Amino acid sequence: MKRVVNEQQAVADSSGQKTNAKKLAAKDVHAANLADPSFSKDVIDWQKQHGRHALPWQNTRDAYRVWLSEIMLQQTQVAAVIPYYQRFLQTFPTVESLAAAPSEEVMAHWSGLGYYSRARNLHKCAQAIVAQHAGVFPGDPVILEELPGIGRSTAAAIAAFSYGTRAAILDGNVKRVFARVFGVERYPGEKAVENEMWLRAVALLPATGVEAYTQGLMDLGATLCTRNRPSCNRCPLAQRCIAYATNRTNELPIRKPKKAVPEKSTVMLLIIDDDQILLEQRPDKGIWGGLLSLPEIDAALEPGNADFDVALMRATAAFGVPDSVEKLTEFSHTFTHFKLHITPYRISLARRLKIAGQSSHNWYPLHRMAVAPLPAPVKKLLLTLVHEPDLLSE
DNA sequence: AATTCGTGGTC
DNA sequence: TGACCAAGAAT
């Protein structure tokens, strides 16, 4: 029977043997001690019989499709990705078509999926593949990792699924599986813990069959070794799982230390002229980077307040003369790391100036809001304005 | 190395 | 209903 070794003991074992293998780097000694061919065999056998085999980006070795899916799946659940993936692939069937597309169209197809730097980097990456790699994705994860938006884990997944390259992933699924199987009693977001897991990930790679192994780790994490109520009774790793043996699957992996979520406020202006609305492109840095959104002014300002009128005039001066100003129903939007209170004002223009505004400001037809590159809450607000305006009045 | 990046589902 | 978090990367 296999000896149960917890994390602390494993680390102690490796450090104890460092002096016996001075010719090898400490990292290699460590990796050798962590190796266990039966681990990958259990994962591969399970994946072939019980894993997922019909996801839209499976059953292909087209690196473009694999890459697109891996980028979309970063910090995003499969169910949320599927419709985006299909629409995206329909519009941009090849890396060349994506590279040649206008950035606004790329952003529009990402609108609502979140983490918009992924979309900007996706576009840059497509252009780099066309310009520097003859339109062919490299099979070497080291080369892949040099491309925008592709980190170590994503590079390995692309290389493994597209070319069968033997490379290790370390995503949220793998971290959760490792934390439980090996009884890791520290938060995996911690750098030292993550480094330790990378050593394991490399050491546990199979000699062959990296595709089924990689998919199997993801499938285990997504379907059995879930965050809550894992299905240990069906898990191929249960007999070697420390968390299962010690009844600690509910505590592992250790949760991220929580801290108070800051709250912010903003005022959004719905400056409307007939059937058009004024939008502006947000800078690449910061929240909703690169998307279109509504013009904003300081949240402390209220109508009737002289400062509000000044700010309003400043915001609209280049575009027209405000007529009516109506405060709409406030709402809030919760991000992972802060909560944003939004106060929208609907402003109709008495006169729209013909002079050209800043290049970042543009008038958009209201009937195109559904396909505009907007943040989710802004898109929802504007679609409500178009279809059910009564819901917005206080 | 710890933060900053979205959104929708789950409990 | 608010806390938690998912196929991470960039800084």
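Computed from a predicted structure; not experimentally measured. As a convention, each chain's residues are numbered from 1 in the sequence order in which they are written. Each chain is given a letter, starting from A, and each ligand a number, starting from 1, according to the order in which they appear as written. Local features in a predicted model are, by the rule used here, given only for residues with pLDDT of at least 70; side-chain atom pairs are given and counted only at 80 or more, and totals for whole chains, interfaces and linings are based on all residues. Remark: hydrogens and water are excluded; side-chain values derive from all non-hydrogen atoms of the structure.

J.: Looking at this model, I keep getting lost on the overall build of chain A. Mind explaining?
T.: Numbering goes from the N terminus for both helices and strands, where a helix is a DSSP run of H or I of at least four residues and a strand is a run of E of at least two. Of regular secondary structure, chain A possesses 16 helices and eight strands. Here, residues are in contact when the closest pair of their heavy atoms is within 4.5 Å. Put simply, 68% of the contacts in chain A that link residues at least 6 apart link residues at least 24 apart. Accessible surface area values rest on a Shrake-Rupley calculation with a 1.4 Å probe, where residue burial reflects the displayed protein chains alone. Taken as a whole, chain A presents about 20100 Å² of accessible surface, with 52% of it coming from carbon and sulfur.

J.: What exactly am I supposed to notice about the protein's contact with DNA strand C here?
T.: If a single non-hydrogen atom of a residue is within 4 Å of a molecule or strand, that residue counts as near it. As a matter of local geometry, DNA strand C sits amid 28 residues, with L73, G149, T154, G172 and N173 nearest to it. In the interface set of DNA strand C, defined as its atoms within 4 Å of the protein, sugar plus phosphate atoms amount to 66%. Polar contacts here mean pairs of N or O atoms no more than 3.5 Å apart (in protein, one a potential hydrogen donor and the other a potential acceptor; neighbouring residues in sequence count only if both atoms are side-chain atoms). One nitrogen or oxygen atom from the side chain of R52 is found 2.9 Å from a base nitrogen belonging to DNA strand C. Here G151 contributes a backbone N or O atom positioned 2.9 Å from a phosphate oxygen of DNA strand C. At the level of elements, α10 (152-163), α11 (172-181) and α13 (210-224) are the ones that each hand at least two residues to the surface near DNA strand C. Class assignment of the residues belonging to the surface near DNA strand C gives a composition of eight nonpolar, twelve polar and eight charged. Residue type decides the class: Asp, Glu, Lys and Arg count as charged, Ala, Val, Leu, Ile, Met, Phe, Trp, Tyr, Cys and Pro as nonpolar, and the leftover types, Gly among them, as polar.

J.: For this particular structure, what's the right way to read the pairing of strand β2 (residues 276-281)?
T.: Two faces make up the sheet, and in a regular strand the side chains alternate between them. Pairing of strand β1 (residues 263-273) with β2, which is carried by two bridges, proceeds in the antiparallel orientation. Across the sheet, I272 pairs through a bridge with I277, a residue of β2. With antiparallel pairing between neighbouring strands as the criterion, β1 and β2 make up a hairpin whose turn holds two residues, including D274 at a positive phi of roughly 60°. Note on pairing: DSSP must find at least two bridges between two strands before they are called paired. The pairing of β2 with strand β3 (residues 292-293) spans two bridges and is antiparallel. Paired with Q281 across the bridge in β3 is L292.

J.: Sorry, what's going on with the protein's contact with DNA strand B here?
T.: With respect to spatial proximity, 21 residues lie near DNA strand B, and among them Y115, Y116, W288, T336 and A376 are the closest. A share of 57% is what sugar and phosphate atoms reach among the atoms of DNA strand B within 4 Å of the protein. Note that a sugar or linking oxygen of DNA strand B is positioned 3.4 Å from one of the backbone N or O atoms of G112. Within the backbone of W288, a nitrogen or oxygen atom sits 2.3 Å from a phosphate oxygen of DNA strand B.

J.: How do you make sense of the packing of aromatic side chains when you look at a structure like this?
T.: Any aromatic ring pair is given by two values, namely how distant the centres are and how the planes are angled relative to each other. Here a Phe, Tyr or Trp ring, Trp counted by its six-membered ring, pairs with any other such ring whose centre lies within 6.5 Å, and the pair is stacked when the planes are under 30 degrees apart, edge-to-face when over 60, and tilted otherwise. For the coordinates displayed, the defined rule picks out eleven aromatic pairs. Aromatic side chains F39 and F182 sit 5.9 Å apart centroid to centroid with 25° between the ring planes, which places their arrangement in the stacked category. Taken together, the positions of F39 in helix α3 (residues 37-50) and F182 in the loop between α11 and α12 (191-203) put the pair 143 residues apart, joining distant regions of the chain. For F182, a relative accessible area of 13% corresponds to the buried category. When the centroid spacing of 5.0 Å and the interplanar angle of 55° are considered together, the rings of F88 and F92 count as tilted. Accessibility here uses a 1.4 Å probe with only protein chains present; expressed as a share of the type maximum, an area under 20% marks a residue as buried, one over 50% as exposed, and anything in between as partly exposed. Owing to a relative accessible area of 0%, F88 belongs among the buried residues under this scheme. Each residue in the set F39, F178 and F182 is aromatic and connected to the rest through ring pairs, giving one cluster. Working rule: Lys NZ or Arg CZ, within 6 Å of ring centre, within 35 degrees of ring normal, means a charge sits over the ring. The ring of Y84 is capped by R87, whose NZ or CZ atom sits 4.8 Å from the centre of that ring.

J.: What is the right way to look at the pattern of salt bridges in this model?
T.: Criterion for a salt bridge: a side-chain nitrogen of Lys or Arg within 4 Å of a carboxyl oxygen of Asp or Glu. Per the counting criterion, the structure on display carries 14 salt bridges. Its salt-bridge partner being R248, residue E185 comes within 2.9 Å of it at the nearest N-O pair. Separated by 63 residues along the polypeptide, E185 in the loop between α11 and α12 and R248 in the loop between α14 (242-245) and β1 bring together distant segments of the chain. Of the residues examined, E185 reaches a relative accessible area of 33% and is grouped as partly exposed. Here the salt bridges do not stand alone but share partners, grouping D36, D42 and R240 into one network.

J.: Even after reading the chapter, I still don't get the pairing of strand β7 (residues 339-352), so can you show me in this structure?
T.: Here ten bridges tie β1 to β7, and the two strands are oriented parallel to one another. Paired with E263 across the bridge in β7 is K339. As defined by bridge partners, strand β5 (residues 320-327) adjoins β7 across six bridges and the pair is classed as antiparallel. Among the inter-strand pairings, P322 is bridged to a residue of β7, identified as L349. The pairing of strand β6 (residues 331-334) with β7 spans four bridges and is antiparallel. Bridge pairing links S332 to H341 in β7.

J.: Would you explain the environment of M72 in this entry?
T.: By the secondary structure assignment, M72 is in helix α4 (residues 63-72). Overall, the relative accessible area of 0% leaves M72 in the buried class. Measuring from C-alpha to C-alpha, the distance between M72 and R118 comes to 7.7 Å, with 46 residues separating the pair along the chain. Leaving out residues up to four positions away in the same chain, M72 has contacts with V81, Y84, Y85, F88, W110, L113 and R118.

J.: Just checking my understanding: could you explain the domain arrangement of chain A for this structure?
T.: Bring the parts together and some accessible area is lost; that lost area is often taken as the interface size. Boundaries of every domain are those given by an automatic assignment or by a domain database. According to the domain assignment, chain A consists of domain 1 (34-246) and domain 2 (263-386). Domain 1 and domain 2 are separated by 37 Å when their C-alpha centres are compared. The contact between domain 1 and domain 2 buries some 780 Å² in all, and 52% of this surface belongs to carbon and sulfur atoms. A quick way to say it: buried area is the sum, across both parts, of accessible area lost when two parts are put together, with a 1.4 Å probe. When the buried area of domain 1 at its contact with domain 2 is split by residue, E104, Y116 and R120 rank highest and sum to 53% of it.

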